[in-house]
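Examining the three-dimensional arrangement
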Amino acid sequence: MEMKDRVVVITGGSGGIGQAMARAFLAEGAKQIVLADLHEDAVQAAANDIGCIGIACDVTSESDIESVVEQTIAREGRIDLFCSNAGAGGAGLLTDATNEVWQNQWELHVMSHLYAARAVLPSMIARGEGYLLNTASAAGLLAAMGSGPYTVTKAAAVKLAEFLAITHGDDGIGVSVLCPQGVNTAMAPKSLGDGQTDGIIEPEQLAQTVVECIREGRFHVLPHPEVEDYVRRKGDDIDAACGQLVGQVADRTRRNERYLNAQAIADEQPVRIVGGAE
């Protein structure tokens, strides 16, 4: 899909990736961009700065998503591209994460994409044309060992996008899934020391990759090209890939123990490490 004269909706629109995509689409000749995000002040400020429309929207509310779609179609006549882009991290590694965290991550990273598809696909299918871009993460293709809820729900987001592409390809619907590693936004990793990213890129670089992949109709949008090789190697030998990640978890645990012990000494407070001594 070319961007010229297209009407685009971007959720998570006031964030770094959302704004960068909006600017890139406009540079390619998009007719109108609609930014949707949770906080009205932030999304209106971003929309005013870019020169587009801003709508407050909680993507975990199906009625909010429906309202964004209805308002956009009423104003512009159609939606050509829907970028379901909102996301956030969740506290907890795995079993220590609360049920609330797991549910919130599921609603944000999976159900929001489903709500968007359910709302926008009927009009796209009726026209025989449309495109969905769902933001997941490289964590959904590989694993981000710091957060089980994030990784698991991002993996589900990838599979949902795949199922949408298979189900609606004959309806004229294109689907891509965006799977970056570190991007210089509020969610960027604080350090590259854990080896889980091949560098933090700027949102503008990511946005250009998005434009190119949508133009070519590519399913995987990989702003960090190394990820493609990692996925291939994981598929070639899943046991070796899992074994390597086990080693990363052990290394992370040891680093955390050293950090906590150092903090305890600095604070003159005893700290209990599971499997170790007080």
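Summarised in this report is the structure supplied together with it. (Residues numbered from 1 in each chain as written. Predicted model: local features only at pLDDT ≥ 70, side-chain atom pairs only at ≥ 80, totals over all residues. Heavy atoms only, no water.)

**A word on the nonpolar core**
Formed by 38 residues in total, the largest nonpolar core has its most connected members in Ile 65, Ile 79, Phe 82, Val 120, Leu 132, Leu 164 and Cys 179. Here the element with the most residues in this core is helix α4 (residues 99–127); it accounts for 10 residues. The contact partners of Val 120, leaving out residues within four places of it in the chain, are Val 69, Ile 79, Phe 82 and Leu 132. In terms of nonpolar packing, the next biggest core, distinct from the first, is built from 32 residues, Ala 46, Ile 50, Leu 133 and Leu 206 among them. (Core = buried A, V, L, I, M, F, W, Y, C linked by side-chain atoms within 4.5 Å. Buried < 20%, exposed > 50% of the residue type's maximum accessible area, 1.4 Å probe, protein only. Helix = DSSP H or I, 4+ residues; strand = E, 2+ residues; numbered from the N terminus. Contact = heavy atoms within 4.5 Å.)

**Here's the deal with the sheet that holds strand β5 (residues 130–135)**
Within a beta sheet, neighbouring strands are joined by backbone hydrogen bonds and run either parallel or antiparallel to one another. An order of β3-β2-β1-β4-β5-β6-β7 is seen for the 7 strands of this open sheet, with the pairing classed as parallel. One side of each edge strand has no neighbouring strand; the edge strands of this open sheet are β3 (53–56) and β7 (220–221). Pairing geometry for strand β2 (residues 32–37) and β3, over 4 bridges, is parallel. Bridging from a neighbouring strand, Val 34 pairs with Ile 53 of β3. Here helix α2 (residues 40–50) sits on the sheet and contacts β2 and β3; the angle it forms with β3, its principal contact strand, is near 175°. (Pairing = 2+ DSSP bridges. Axes fitted to C-alpha atoms, helices over the stretch in contact; angles between N-to-C directions.)

**Let's talk about the pattern of salt bridges**
Counting across every chain of the model gives 13 salt bridges. With its nearest N and O atoms 3.5 Å apart, the salt bridge here joins Arg 6 to Asp 80. With Arg 6 in the segment before β1 (7–11) and Asp 80 in the loop between α3 (62–76) and β4 (81–84), the pair connects residues that are 74 residues apart, well separated along the chain. For the residue pair Arg 6 and Asp 80, the accessibility class agrees, reading buried in each case. One salt bridge in this structure joins Arg 233 and Asp 229, with 3.1 Å as the shortest N-O distance. With Arg 233 and Asp 229 both in helix α8 (residues 226–236) and 4 residues apart, the pair spans about one turn of that helix. Asp 229 gets classed as partly exposed once you look at its relative accessible area, which sits at 34%. Through salt bridges with shared partners, one network takes in Arg 6, Arg 78, Asp 80, Arg 127 and Glu 129. (Salt bridge = Lys/Arg side-chain N within 4 Å of Asp/Glu carboxyl O.)

**Considering α4**
Across its 29 residues, α4 extends 41 Å between first and last C-alpha, which sits within 8% of the 42 Å expected from 1.5 Å per residue. The principal kink in α4, of about 45°, is found at Leu 121, preceding the proline Pro 122 by one to four residues. Two residues or fewer past α4, Gly 128 is found with a positive phi of approximately 75°. (Expected span 1.5 Å × (residues − 1). Bend = angle between axes of the 7 residues up to and from the residue.)

**Things to note about the pairing of β4**
Residues Leu 81 and Cys 83 line one face of β4 and the alternating positions Phe 82 and Ser 84 line the opposite face, and both faces are buried. The pairing of β1 with β4 spans 3 bridges and is classified as parallel. If you follow Ile 10 over to β4, its bridge partner there is Cys 83. Note that β4 and β5 share 4 bridges and pair parallel. Looking at β5, one finds that Cys 83 is bridged to Leu 133. You can see the chain leave β4, run along α4 and come back into β5, and the turn it takes is right-handed. (Right-handed = clockwise from strand over helix to strand, strands pointing away.)

**Focus on the pairing of β1**
Burial within β1 is extensive, with 5 of its 5 residues counted as buried. Side-chain alternation along β1 places Val 7, Val 9 and Thr 11 on one buried face and Val 8 and Ile 10 on a second face that is also buried. Pairing analysis gives 5 bridges linking β1 to β2, with the strands arranged parallel. By the bridge assignment for β2, Val 9 is matched with Val 34. In terms of handedness, the path from β1 via helix α1 (residues 16–27) over to β2 forms a crossover that is right-handed.

**Considerations on the side chain of His 113**
Tracing the backbone shows His 113 in helix α4. Residue His 113 is classed as buried on the basis of its relative accessible area of 2%. For His 113, the side chain forms a polar contact with the main-chain oxygen of His 109, separated by 3.3 Å. In this structure, His 113 is in contact with Ser 84, Asn 134, Thr 135, Ala 157 and Leu 160, ignoring residues within four places of it in sequence. (Polar contact = N/O pair within 3.5 Å; in protein donor to acceptor, adjacent residues only side chain to side chain.)

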